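# Examining the three-dimensional arrangement
Residue strings, one per chain:
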Amino acid sequence: MNTPAIANGTIQIVYLISAALFILSLKWMSSPRSARRGVWAGELGMLLAICATLLYRGIVDYTWIAIALVLGTIIGIPLGNVQMTAVPQRTALSHAFGALCVSLVGTAEYYLRAPHVPAFMMAVLSMEVILGSLTFTGSLMAAGKLQEILPQRPITYKGQNIVNLSLLAIAVAVAVALVINPGHTRLFPLMIAIPLVFGVMMIVPIGGADMPTVISLLNSYAGLSAAAMGFVLDSKLLIVAGALDGSSGFILSVIMSKAMNRSFTNVLFGAFGQVQTSAAGIQEARTVRGATAEEAAAILGAANSVVIVPGYGMAVAQAQHKVREFYDALTRRGIDVRFAIHPVAGRMPGHMNVLLAEADIPYDKLLDMDAINPEFPQTDVALIIGANDVTNPAARTDPGSPIYGMPILDVDKAKTVMVIKRGMSPGFAGIDNQLYYLDKTLMLFGDAKAFVGDLLRELAGESGG
Amino acid sequence: MGQIDNLYIFILAAFVGFEVIRRVSPLLHTPLMSLTNALDAIAVVGAIILAGEHKTTLATALGALAIVAATSNVVGGFIITDRMLKMFKSSKPKKP
């Protein structure tokens, strides 16, 4: 077939332009004003690279390429149009797809080249396949937990860490054997199978609260495996893209771990749900103050500044649009309303901001923890909707608490605290929240969406009559 | 010594990544992740060559599957990132 092939050097130059566009794309993500331009730069870079590759001289047949591109597009379109609450599981699924691609290419490259694979090449190829395989099943498991197909509770058993580490050690041993003698083609399937199992075992003990960290970590692995693939294929563009993705995932994992006051190893090797029993025992008959929507609305209506603290409970109750109406109602009265976003609010980094932006709440009213914490002492009302552990003052004051040291939103410094909550059940960490027993705290028991609706009605009635 | 060059590129790109991504506002961490995921799917170029060179049936089949997986990330990743970013609006009027 006579294809309009272009010179290899030209393709390399196009790849170089693509790499530059990718870096610009991430740079423009720094602010919401320029972020969409960032997406366009990324799209342009991708388009250029794919077109240049299609003109590569070595391609002898386009049939399968065309079919696969069309099929991938057909799968990709619905994945790009999921609901915003489903973005975390979609992201986990896309990490799985990325890792699948990398593992498949790695496998094909091995069988094409074996037994003549230089040691360095075999080492990066092993890294590509091991990281790719464990990220594939790990991400599928994470997606399953987030979609609630799989149980979200951490599942633990005795000796779990020993089993997991042994699996990983065996996979590495197989890789070493292959580096020493790449001709052992029979060993290669083991190097895929063991990490596949490890990926499952790695996510089994991880609970819902740790999902933001785990997704970030899987993001990092997916990036590193792609970079390893770049070494195997000697593709500098892929190395750059993989390194960018890997460092992005790594930074986000660090931010998430810090926000939960935990180390990577702690997330991976110690299921969080374990510690609950010790703290639950201390609970005596302490009293909480309840309030009706009418009483709460009267206080809110008289306030000058209100900070709303949303948690994942708000998204589960689909309350963000009611919250938007509530925000409008208060703002119309001249009340300053802002939102305090904890780094781990939601199911993945930044998830809460997306949910609130979807409800048309202006992004300059969404403040992260460091920006809002100094503001709480001057705040009249802190209204907590569906957040729990991230507001627990025990993290500051009680060294015996399992969440001690975790950075929290200092809502207890506000003049009045209101908590919309279904009942007194504890949050993810399984511990009691001391905030609920403070004198300044009013508990507003009910469904988030319904209660915010009640508050709205009371506010409207008050101003109307 | 091509692989040494590649190691240099990897290290430098990782540093660029750290510096650039550190500056991304926490507001945009979710779209950041879906964007980097889409960019990561540039792995599709390797899969295209693999499927197109037709060296063995196995390589072609694995390459084609890999194209499907990566393309769905490219398409889905860019669509959802743009959908999310479109929703972020400021309460202040836009500067020209």
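Note that this is a predicted model, so its numbers are computed, not measured.

## Topic: the pairing of strand β6 (residues 416-421) of chain A
Residue and element names in this part refer to chain A. The buried fraction of β6 is high, at 5 of 6 residues. With 5 bridges connecting them, strand β5 (residues 381-385) and β6 associate as parallel partners. When the bridges of β6 are listed, A382 appears paired with V417. Bridge count for β6 against strand β7 (residues 441-445) is 5 bridges, and the pairing is parallel. For K421, the partnering residue across the bridge sits in β7 and is F445.

## Quick notes on the interface of chain B and chain A
At the junction of the two partners, chain B supplies 79 residues and chain A supplies 98 residues. For the side of chain B that touches chain A, the elements supplying multiple residues, two or more each, are α1 (2-22), α2 (29-40), α3 (44-53) and α4 (57-87) of chain B. It is α4(B) that provides the largest number of residues to the side of chain B that touches chain A, a total of 27 residues. Looking at side-chain class alone, the side of chain B that touches chain A contains 47 nonpolar, 24 polar and 8 charged residues.

## Examining the pairing of strand β3 (residues 336-341) of chain A
Residue and element names in this part refer to chain A. Here 4 bridges tie strand β2 (residues 305-310) to β3, and the two strands are oriented parallel to one another. By the bridge assignment for β3, V307 is matched with R338. Bridge analysis of β3 against strand β4 (residues 366-368) gives 3 bridges, and the strand direction is parallel. Each residue of the ladder has a partner; that of F339, found in β4, is L366.

## Concerning the domain arrangement of chain A
All names here are of chain A. Here chain A is described as being made up of domain 1 (1-81), domain 2 (86-272) and domain 3 (283-464). Taking the mean C-alpha position of each, domain 1 and domain 2 sit 25 Å from one another. At the junction of the two partners, domain 1 supplies 7 residues and domain 2 supplies 7 residues. Considering every element that reaches the side of domain 1 that touches domain 2, the biggest residue donor is helix α1 (residues 8-28), with 5 residues. Of the residues in the side of domain 1 that touches domain 2, the class split is 6 nonpolar, 1 polar and no charged.

Calculation notes
Residues numbered from 1 in each chain as written. Chains lettered and ligands numbered in written order. Predicted model: local features only at pLDDT ≥ 70, side-chain atom pairs only at ≥ 80, totals over all residues. Buried ≥ 20, exposed ≤ 12 C-beta atoms within 10 Å, placed from the backbone. Helix = DSSP H or I, 4+ residues; strand = E, 2+ residues; numbered from the N terminus. Pairing = 2+ DSSP bridges. Contact = placed C-beta atoms within 7 Å. Nonpolar A, V, L, I, M, F, W, Y, C, P; charged D, E, K, R; others polar. Domains from an automatic or database assignment.

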